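Report on the structure
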Amino acid sequence: MDKFDEKVIGYESTKEILRQILDILKRPEVYKRKGISIPRGLLMESDPGLGKSLLASILMEESERKPFVFRKTSQENSFLDELRTVFAMAKEEAPSILLLEDLNLYVESNSSYAPEWACLQACIDDAKDTDLFVIATTNDTRYMPPSLLRPGRFDYVIYLQPPIGENAENIVSYYLRDKDLAEDVLISDIVKAMPKVSCTLETVMNLSALNSVYQGHEHIQKEDITEALLQVVYKLQKTDKETDSTELQKIAVHEAAHAVVGEVLHPGSIGIVTVRGSQGVIGGMANGCATYAQNEEEFLDEVTKTLAGRAGVSLIYGVMDIQASADIEQADKLMDIWQCHFAGGGFVGIESGDNRMSEQRLSYNEAIKSAKLEELYRRAYKILHDNRDFL
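The shown structure was predicted, so the numbers you read here are calculated from the model rather than taken from an experiment. Throughout, a residue's number is its position along its own chain's written sequence, starting from 1. For a predicted model such as this one, the threshold for reporting local features is a pLDDT of at least 70, and the threshold for listing and counting side-chain atom pairs is 80 or more; totals across whole chains, interfaces and linings nevertheless cover every residue. Side-chain metrics in this entry use all non-hydrogen atoms of the structure; hydrogen atoms and water are not considered.

In terms of residue burial, strand β1 (residues 41–45) counts as a mostly covered element, since five of its five residues are buried. For each residue, the accessible area found with a 1.4 Å probe, counting protein chains only, is set against the maximum for its type, and the residue is called buried under 20%, exposed over 50%, and partly exposed in between. Runs of E in the DSSP output that reach at least two residues are strands. Runs of H or I that reach at least four are helices, and both are numbered from the N terminus. The side-chain alternation of β1 yields two buried faces, one formed by Gly-41, Leu-43 and Glu-45 and the other by Leu-42 and Met-44. Pairing between two strands requires that DSSP report at least two bridges joining them. Relative to strand β4 (residues 132–138), β1 is paired through five bridges, and the arrangement is parallel. Residue pairing in the sheet places Leu-42 in a bridge with Ile-135 of β4. The sheet contact formed by β1 and strand β5 (residues 156–159) spans four bridges and is parallel. Counted as the bridge partner of Leu-42 is Tyr-156 from β5.

The structure is reproduced here in structure tokens:
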């Protein structure tokens with residue numbers, strides 16, 4: 001077992017790529033004799049807290065090269081000077097390895113023409129004849145110039161997906177290894193209750209233990225973990241604000257409807273449901289474990305679940321749910337994706353390359369989208385009608 005396996009759970013394909021990079025960095029002469037150009041850079045992208053920095057630090061340590069780490073801590077002019085300086089130092093100490101943390105924070109605008117990108121690209125190019133390997137991490141590559149992402153600057157570009165399934169359960173088990181849990185606390189339930197398993201899990205479990213001790217529980221209970229999840233992952237605090245019981249019940253029905261439809265369509269997918277809202281107000285939330293639509297059917301299932309809250313209130317109370325505006329807006333956005341990525345309205349409905357549409361095409365798309373939303377709303381209503389006792 002190497003350091004990657006000792007310190008990182010899952011990400012097997014990523015770890016294998018990093019082992020290959022490590023072998024190249026430690027035995028460059030072997031590869032050069034085969035006429036192979038030595039890679040110069042690695043870029044890792046993911047949502048925050050998924051282990052980019054940990055993987056990078058292991059690669060740096062195991063490479064046995066002189067390490068340098070750079071983060072943005074100052075404003076534009078001095079930042080550019082500091083960036084040039086760290087590259088100069090790393091080149092001077094070659095063979096070396098330089099970690100550029102959080103590239104997404106280097107530029108305040110969303111422009112791929114920002115001077116920070118031009119400076120970084122120039123620094124990388126100026127180091128091409130030295131034995132310097134550059135690692136970079138970022139939460140988002142959307143606004144980086146394509147020229148910076150090409151091979152020769154970053155020869156490896158890796159996107160880390162949030163862990164799911166067995167890998168997610170193994171990570172949760174690791175963080176629970178020294179926690180005294182009640183017998184009815186299941187690892188699988190915790191995984192389902194988190195939209196993605198990340199480093200926030202350590203904070204969640206520590207807060208769960210604190211809640212348990214404060215409440216006088218002998219073991220960590222489900223309610224302790226649920227409270228910690230709502231606070232840390234979903235940023236939902238308890239409120240002292242009084243709410244009409246009838247209104248609160250409608251919110252409960254709305255959120256339960258999301259959960260029922262989600263569970264009927266994909267059993268075992270719903271992790272947590274609450275009437276607690278954001279900003280310390282009553283609002284509600286129903287969320288499942290992190291899932292990724294593999295096909296059009298699964299994508300439309302997600303839209304159906306999104307519309308279920310409104311359908312549930314209509315079914316039980318026979319009134320329009322005025323709290324469903326956010327759901328309707330989200331469903332509308334999802335249908336735009338459906339039309340673009342799945343050609344839901346036929347190929348005539350797909351946007352042209354310059355994103356310009358004729359009035360006729362716009363009207364056609366809106367008609368198709370409206371009809372599909374109505375169809376999926378009726379589908380959600382029927383599922384709830386057929387499973388009213390569950391609701």
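Right, let's get into the nonpolar core. Within the largest apolar cluster, 27 residues are counted, with the highest numbers of intra-cluster contacts made by Leu-83, Phe-87, Leu-100, Leu-103 and Leu-120. Mapped onto this core, the elements with two or more residues apiece are β2 (66–70), α5 (76–92), β3 (96–100), α6 (115–126) and β4. In terms of residues, this core owes the most to one element, α5, which gives six residues. In this structure, Leu-120 is in contact with Leu-83, Phe-87, Leu-100, Leu-103 and Leu-148, ignoring residues within four places of it in sequence. Throughout this description, the term nonpolar core refers to a set of buried Ala, Val, Leu, Ile, Met, Phe, Trp, Tyr and Cys residues connected via side-chain atoms within 4.5 Å. Counting 25 residues, the second-largest nonpolar core is a separate cluster that includes Ile-171, Val-204, Met-205 and Ile-220. Should any heavy atoms of two residues lie within 4.5 Å, those residues are counted as being in contact.

To get an axis, a line is fitted to the C-alpha atoms, and for a helix only the part in contact is used. The angle between two axes follows their N-to-C directions and goes from 0 to 180 degrees. Contact geometry of helix α8 (residues 165–175) with helix α10 (residues 200–214) gives a least axis separation of 10 Å together with a crossing angle of 45°. Considering the angle they form, α8 stands oblique to α10. By crossing handedness, the relation of α8 to α10 is classed as right-handed. Taking contact as the criterion, the partners of Ile-171, Val-172 and Tyr-175 in α8 are, on α10, Leu-201, Glu-202 and Met-205. For classification, angles of less than 35 degrees are called roughly parallel, those exceeding 145 degrees roughly antiparallel, those between 65 and 115 degrees roughly perpendicular, and all remaining angles oblique. Crossing handedness: left-handed means the near helix sits turned counterclockwise from the far one by under a right angle, and right-handed means the same turn made clockwise.

Further remarks concern the sheet that holds β4. Here five strands make up an open sheet; going across it, the order is β2-β3-β4-β1-β5 and the pairing parallel. Taken across any chain shown, the strands that pair with only one partner, and hence form the sheet edges, are β2 and β5. In this sheet, neighbouring strand axes are inclined to one another by 15° on average, regardless of whether the strands run parallel or antiparallel. Those strands touched by helix α2 (residues 12–26) are β1, β3, β4 and β5, and its axis lies near 155° from that of β5.

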